Amino acid sequence: MTLSYLAKTAALLAIWIGTLAAQAAQPLAKADVEAALNAAYTKYKDLSEGANADYIPALAKVDSAIYGIALVTPQGDIYTAGDVSSEVSIQSISKVFTLALVMDEQGPEAIFNNMGVDATGQVFNSIVAIEQHKGAEMNPLVNAGAITATSMVSGDSRAQIWNKILNYYNAFAGRELSVNKEVFESEAATNQRNQAIAELMYAYGHIKSNPDQATDIYTEQCSVNVNVRDLAIMAATLADGGRNPVTKKQVMKNENVSEVLAVMATAGLYDDSGKWLYLTGLPAKSGVGGGIIAVSPGRFGIAVISPPLDAAGNSVRAQKAIADISNALGGNPYAVEPAM
Ligand code: GLN
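All values reported here derive from a predicted model rather than from experimental measurement. (Residues numbered from 1 in each chain as written. Predicted model: local features only at pLDDT ≥ 70, side-chain atom pairs only at ≥ 80, totals over all residues. Heavy atoms only, no water.)

1. What about the site of the ligand?
(1) Moving on: In the neighbourhood of the ligand, the contacting residues comprise Tyr55, Gln91, Ser92, Phe124, Asn143, Glu187, Asn194, Tyr218, Cys222, Tyr270, Gly287 and Val288.
(2) Moving on: Contacts to the ligand include Tyr55, whose side-chain N or O atom sits 2.6 Å from an oxygen atom.
(3) Moving on: One nitrogen or oxygen atom from the side chain of Asn194 is found 2.8 Å from an oxygen atom belonging to the ligand.
(4) Moving on: Protein chains shield 99% of the accessible area of the ligand, which is 300 Å² for the free molecule.
(5) Moving on: Taking a 2 Å distance to the grid points as the criterion, the majority of the atoms of the ligand fall inside the largest cavity.
(6) Moving on: A class-by-class count of the residues in the shell around the ligand yields six nonpolar, five polar and one charged. (Near = heavy atom within 4 Å. Polar contact = N/O pair within 3.5 Å; in protein donor to acceptor, adjacent residues only side chain to side chain. Areas by Shrake-Rupley, 256 points an atom, 1.4 Å probe, with all protein chains shown as cover. 1 Å grid on protein atoms, 1.4 Å probe; cavity = no way out; pocket = protein on both sides within 12 Å on 5 of 7 lines; lining within 4 Å. Sits in = over half its atoms within 2 Å of the grid points. Nonpolar A, V, L, I, M, F, W, Y, C, P; charged D, E, K, R; others polar.)

2. Notes on the side chain of His206
(1) Moving on: Looking at the element boundaries, His206 is found in the loop between helix H10 (192-203) and helix H11 (211-222).
(2) Moving on: A polar side-chain atom of His206 sits 2.7 Å from the main-chain carbonyl oxygen of Asn114.
(3) Moving on: Apart from the residues within four sequence positions on either side, His206 is in contact with Asn114, Lys134, Gly135, Ala136, Thr148 and Met201. (Helix = DSSP H or I, 4+ residues; strand = E, 2+ residues; numbered from the N terminus. Contact = heavy atoms within 4.5 Å.)

3. A few points about the pairing of strand E7 (residues 300-305)
(1) Moving on: Along E7, six of the six residues are buried, which leaves the element largely enclosed by surrounding structure.
(2) Moving on: Of the two faces of E7, the one holding Phe300, Ile302 and Val304 and the one holding Gly301, Ala303 and Ile305 are both buried throughout.
(3) Moving on: With five bridges connecting them, strand E1 (residues 68-72) and E7 associate as antiparallel partners. From the neighbouring strand, Leu71 faces E7, where its bridge partner is Ile302.
(4) Moving on: Examined bridge by bridge, strand E6 (residues 291-296) and E7 share six bridges and lie antiparallel to one another. (Buried < 20%, exposed > 50% of the residue type's maximum accessible area, 1.4 Å probe, protein only. Pairing = 2+ DSSP bridges.)

4. Side note on unusual backbone geometry
It is generally the case that most residues other than glycine have a negative phi and that most peptide bonds are trans.
(1) Moving on: Here the phi dihedral of Gln91 falls at roughly 50 degrees; this positive angle occurs in a residue that is not glycine.
(2) Moving on: Relative to the helices and strands, Gln91 is located in the loop between strand E3 (88-89) and helix H4 (94-106).
(3) Moving on: A residue is classified by how much of its surface remains accessible, and Gln91, at 2% relative accessible area, is buried.
(4) Moving on: Even without being a glycine, Lys248 presents a positive backbone phi close to 70 degrees.
(5) Moving on: Secondary-structure assignment places Lys248 in the loop between helix H12 (228-239) and helix H13 (257-267).

Here you go:
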């Protein structure tokens, strides 16, 4: 080994260590986070665009004025603005956590092989998207893929499967969540379209058995009540590699987090996912209850609740407030400065 070889190796090592140091993001400063939350809260407080979802009758009755923001860091610091106590049903945000549960049980390839991880470009409850590829080449964050994911959770009885799902969500939130009975009953009485979706996924062999039970459990998981703080802690758990930064417990397998975030980036805001990623760079997930979670990996989890939705089914205020806050705090993982 020559001396110049040694010198070269040492120089390369130094560059590598320097790059690593530059990439390790600094924890967020308290004053910056508070200023960003308060500015976004105030800016969108009087916005009156959008309307509550009404295809599930109970959702039309939810107070449209509920508006809360929460941000949680990997250090476990919790910042909030506005309404932190009102609960809404989690709706489609639940799809992320059932997806994570299936990956933890069966590995990421089970999802990849069963319904795929591609954007459909269609509305979240599209039947055309199922027909296009016989229930494949879609993803676990649209209804067809999500009901299929729920059908993949193992268990001997409905009760056992349900308890497993709810306990898994509880670990992400760091507290015991409960079901909004009114929303569950209202959606169960009006979810014929989701029943049809599940039958089709069964017909094409993606759901292996009992599509009715899968739809029923899926409907119940969508009815779990959360406040904005719960949602932000759930998002921050994904931002911190599957470890809940508040309870300090590892609640999902670390190796599956990047795949979950990739699916959220691809399909988290339905057919507006591309637009959202373009504006923020953040993996996110919306629900028709009015919540949106977003994840800046290694930096923060954020959530906003505000029931009025746009045409794609995404909360209007939540999209605007999260985009502003994340961009103010440097949350976009694609926004980097040249190394030298
Ligand atoms: N439970 C709702 C449904 O299946 C969830 C949809 C959503 O939040 N986009 O229609």
